[in-house]
Amino acid sequence: MTGYGRRTIIDTDIRGRSGLLAQADLHGQEAIFPDNFVWGAATAAYQIEGAAAEDGRGPSIWDTFSRTPGKVAGGETGDVACDHYHRYADDVALMRDLGLRAYRFSIAWPRVQPDGQGAINARGLDFYDRLVDELLRADITPYVTLYHWDLPQPLEDLGGWPNRDTAYRFIDYTRAVHARLGDRVRTWTTLNEPWVAAFLGYASGLYAPGRTDPADAFRAAHHLLLAHGLATAELRAAGVEEIALTLNLAPIITPPDAAGEADVAAARLVDGLMNRQFLDPALRGHYPEDVLEIVDRHAGLGHIRDGDLRLISPRVDLLGINYYSPTVVSAHPGEPVNPAFPGTEGIRFEPATGPTTSMGWRIDPSGLGALLIRLSREYPQVGLLVTENGAAFDDVVEGDRVPDPDRLAYLDGHLRAAHAAIRAGADLRGYLVWSLLDNFEWSEGYRPRFGIVYIDYETQRRLPKDSALWYREVIRRNGVR
Ligand code: IFM
């Protein structure tokens with residue numbers, strides 16, 4: 001069913017060799033998760049809300065970017081998206097029908113503080129207030145993410161994330177959101193995927209704000225980390241018990257036929273840029289030496305001030321993991337730099353082989369298992385939560401059904417890998433599928449469909465796909481069988 005073989009592979013080394021095999025997770029056998037395992041789904045504000053100019057919301061960098069010709073496929077924008085802003089009550093009812101126990105959503109900073117500083121827009125907060133109440137009435141635990149890439153445009157005009165001051169503006173915004181929702185929301189995530197915000201936003205320019213300066217990207221990364229640390233301290237002082245940081249993480253491996261020392265060194269370097277550049281400062285209070293060397297070469301180190309690492313690394317309770325696919329690299333002298341990974345001259349990012357999703361991403365559940373085990377070994381102080389995992393496929397409606405066997409198999413395989421990782425000692429506390437709804441997939445527009453619920457964008461009709469009905473059973477059973 002999953003193309004994933006008879007056994008669940010849960011430990012993969014940098015050369016892509018598989019190690020530990022978990023007999024208990026043979027395909028077709030039951031994999032029951034621990035009591036209190038959190039089951040849910042995730043979304044993000046700009047991808048689903050719409051109502052871009054309503055109730056005092058200001059423009060974000062994504063409004064500007066998506067309106068810039070050539071930046072988003074088909075010129076699409078988040079202006080309407082899934083119209084969740086108006087349909088949130090129906091969407092919560094749907095979540096309840098699907099048996100979800102948790103819902104991860106993000107707050108749009110430009111709704112709450114249209115200028116990114118100064119006046120708070122109460123009507124923006126009212127929306128999240130209503131949403132949280134609706135969730136609690138449905139017995140669904142809200143998981144709030146404070147930043148999922150929609151920086152208020154006025155802050156970008158002042159320099160954006162490469163400007164240190166943006167991190168301090170984030171504290172004021174955090175304080176305002178917590179003051180309104182803190183009595184009902186227990187788990188707070190500061191940032192979603194700062195690597196993407198920094199390196200696709202400021203180095204490759206593929207995402208908003210579309211800048212292409214590696215030095216700015218490294219500065220942005222540092223200031224995002226600083227924003228995380230400062231907001232964590234703010235939330236902790238306000239009495240929040242469960243604070244998380246969500247990173248996009250992946251095993252960086254070499255192809256089986258290219259596993260020499262140079263290839264392994266290439267994988268290590270990319271691991272530094274994508275994974276350790278964020279994990280180590282936030283969870284260990286220092287940058288890895290190999291990463292610092294690359295930062296220094298591109299941006300100098302002047303933006304990293306004395307005392308910053310202490311501010312960046314207050315205790316967090318959960319590490320949110322967004323996993324989709326491993327990254328495969330090899331050493332290739334002469335290969336030009338990958339613009340999203342400054343410092344990777346001579347490294348080839350290998351195209352996916354084997355089964356892929358409609359994003360062209362390789363399907364490899366074992367990567368999730370390997371990642372969870374590695375994180376629990378290397379950062380044992382923090383609990384793990386899969387805050388995103390899922391797949392886009394070209395879904396087709398058939399009558400009132402959306403058969404999506406490929407997505408169902410993808411989720412089944414990844415849940416088995418997650419279960420195997422728990423058995424091997426990973427402290428995994430929950431799993432949130434990406435995504436609840438089909439939505440605006442950033443520069444790819446609305447073509448990729450990641451939802452377990454299909455959206456007909458003409459009518460805004462919601463139609464649970466087969467994977468959603470299957471997921472309801474998974475939640476009911478607390479596992480897969
Ligand atoms: O849609 C995105 C989400 O916003 C962040 N993580 C990856 C998803 C799929 O690309």
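Scroll up a little and you will see the structure.
Residues numbered from 1 in each chain as written. Predicted model: local features only at pLDDT ≥ 70, side-chain atom pairs only at ≥ 80, totals over all residues. Heavy atoms only, no water.

Caption draft 1: Looking closely at the site of the ligand. Around the ligand sit Gln47, His148, Trp149, Asn192, Glu193, Tyr324, Trp361, Glu388, Trp434, Glu441, Trp442 and Phe450, and those are all the residues in its vicinity. Contacts to the ligand include Gln47, whose side-chain N or O atom sits 2.8 Å from an oxygen atom. Its free accessible area being 280 Å², the ligand has 95% of it covered by the protein chains. Taken together, the residues that form the shell around the ligand break down as six nonpolar, three polar and three charged. (Near = heavy atom within 4 Å. Polar contact = N/O pair within 3.5 Å; in protein donor to acceptor, adjacent residues only side chain to side chain. Areas by Shrake-Rupley, 256 points an atom, 1.4 Å probe, with all protein chains shown as cover. Nonpolar A, V, L, I, M, F, W, Y, C, P; charged D, E, K, R; others polar.)

Caption draft 2: Spatial organisation of the packing of aromatic side chains. A complete count under the given rule lists 39 aromatic pairs for this structure. An angle of 80 degrees between the planes, with centres 6.2 Å apart, marks the rings of Trp62 and Phe440 as edge-to-face. Linking Trp62 in helix α2 (residues 61-66) with Phe440 in the loop between β14 (428-434) and β15 (453-456), this pair joins segments that are 378 residues apart in sequence. A relative accessible area of 1% places Trp62 in the buried class. On the numbers, 6.5 Å between centres and 5 degrees between planes, the contact of Phe105 with Tyr128 is stacked. Of this pair, Phe105 sits in strand β5 (residues 102-106) while Tyr128 is found in helix α5 (residues 122-137), placing the two residues 23 residues apart along the sequence. According to the relative accessible area criterion, Phe105 is buried, its value standing at 2%. An aromatic cluster is built from Tyr46, Trp62, Phe65, Trp149, Tyr207, Phe440, Trp442, Tyr446 and Tyr457, whose rings are joined through pairwise contacts. (Phe/Tyr/Trp six-rings, centres within 6.5 Å; stacked < 30°, edge-to-face > 60°. Helix = DSSP H or I, 4+ residues; strand = E, 2+ residues; numbered from the N terminus. Buried < 20%, exposed > 50% of the residue type's maximum accessible area, 1.4 Å probe, protein only.)

Caption draft 3: Molecular detail of the pairing of β14. Counted residue by residue, β14 has six buried out of seven residues, so it is predominantly covered. Summarising the sheet, strand β13 (residues 383-388) and β14 pair through three bridges and their orientation is parallel. Across the sheet, residue Val386 finds its bridge partner in β14, namely Tyr431. The β-α-β motif built from β13, the intervening helix α14 (residues 405-423) and the parallel element β14 has right-handed crossover chirality. (Pairing = 2+ DSSP bridges. Right-handed = clockwise from strand over helix to strand, strands pointing away.)

Caption draft 4: Representation of the side chain of Asp91 in the model. Structurally, Asp91 can be placed in helix α3 (residues 84-97). Asp91 gets classed as buried once you look at its relative accessible area, which sits at 1%. At 2.8 Å, the side chain of Asp91 and the side chain of Arg462 are in polar contact.

Caption draft 5: Seen up close, empty space enclosed by the protein. Taken as a whole, this structure holds three cavities of 30 Å³ or more when the rule is applied. When its volume is computed, the largest cavity comes out at roughly 50 Å³. Contributions of two or more residues to the lining of the largest cavity are made by α2 and α8 (194-202). Grouping the constituent residues of the lining of the largest cavity by class yields 10 nonpolar, no polar and no charged. The calculated volume of the second largest cavity comes to roughly 40 Å³. As for the second largest cavity, its lining consists of Thr43, Ala44, Ala45, Ile48, Glu49, His84, Tyr103, Phe105, Ser106, Phe127, Tyr128 and Leu131. Only α1 (45-48), β5 and α5 provide two or more residues apiece to the lining of the second largest cavity. Along the lines of polarity and charge, the residues of the lining of the second largest cavity split into eight nonpolar, three polar and one charged. (1 Å grid on protein atoms, 1.4 Å probe; cavity = no way out; pocket = protein on both sides within 12 Å on 5 of 7 lines; lining within 4 Å. Points joined across faces, edges and corners; volume = space filled by probe spheres on them.)

Caption draft 6: Layout of the packing of helix α9 (residues 214-237) against helix α11 (residues 289-299). Running from amino to carboxyl end, α9 crosses α11 at an angle of 130 degrees, the nearest separation of the two axes being 8 Å. On the basis of their axis angle, the class for α9 and α11 is oblique. Judged by the sense of rotation from one axis to the other, the crossing of α9 with α11 is left-handed. Of the residues in α11, those in contact with Pro214, Ala215, Phe218 and Arg219 of α9 are Ile294, Val295, His298 and Ala299. A per-class count over the contact of α9 with α11 returns six nonpolar, one polar and one charged. (Axes fitted to C-alpha atoms, helices over the stretch in contact; angles between N-to-C directions. Parallel < 35°, antiparallel > 145°, perpendicular 65-115°, else oblique. Left-handed = near helix turned anticlockwise from the far one by under 90°. Contact = heavy atoms within 4.5 Å.)

Caption draft 7: Main features of α9. Across its 24 residues, α9 extends 35 Å between first and last C-alpha, which sits within 8% of the 34 Å expected from 1.5 Å per residue. Burial within α9 is extensive, with 18 of its 24 residues counted as buried. If you check the start of α9, you find a side-chain oxygen 2.9 Å away from the backbone N of Ala215, and it comes from Asp213. (Expected span 1.5 Å × (residues − 1).)

Caption draft 8: View of the sheet that holds strand β11 (residues 327-331). Pairing in this open sheet of three strands is mixed, and the strands run β9-β11-β12 from one edge to the other. The strands lining the two open edges of the sheet, one partner per strand, are β9 (252-253) and β12 (347-349). One ladder, built from two bridges, connects β9 with β11; its direction is parallel. Counted as the bridge partner of Ile253 is Val328 from β11. Packing against the sheet, helix α10 (residues 261-284) makes contact with β9, β11 and β12, and its axis sits at approximately 135 degrees to β11.

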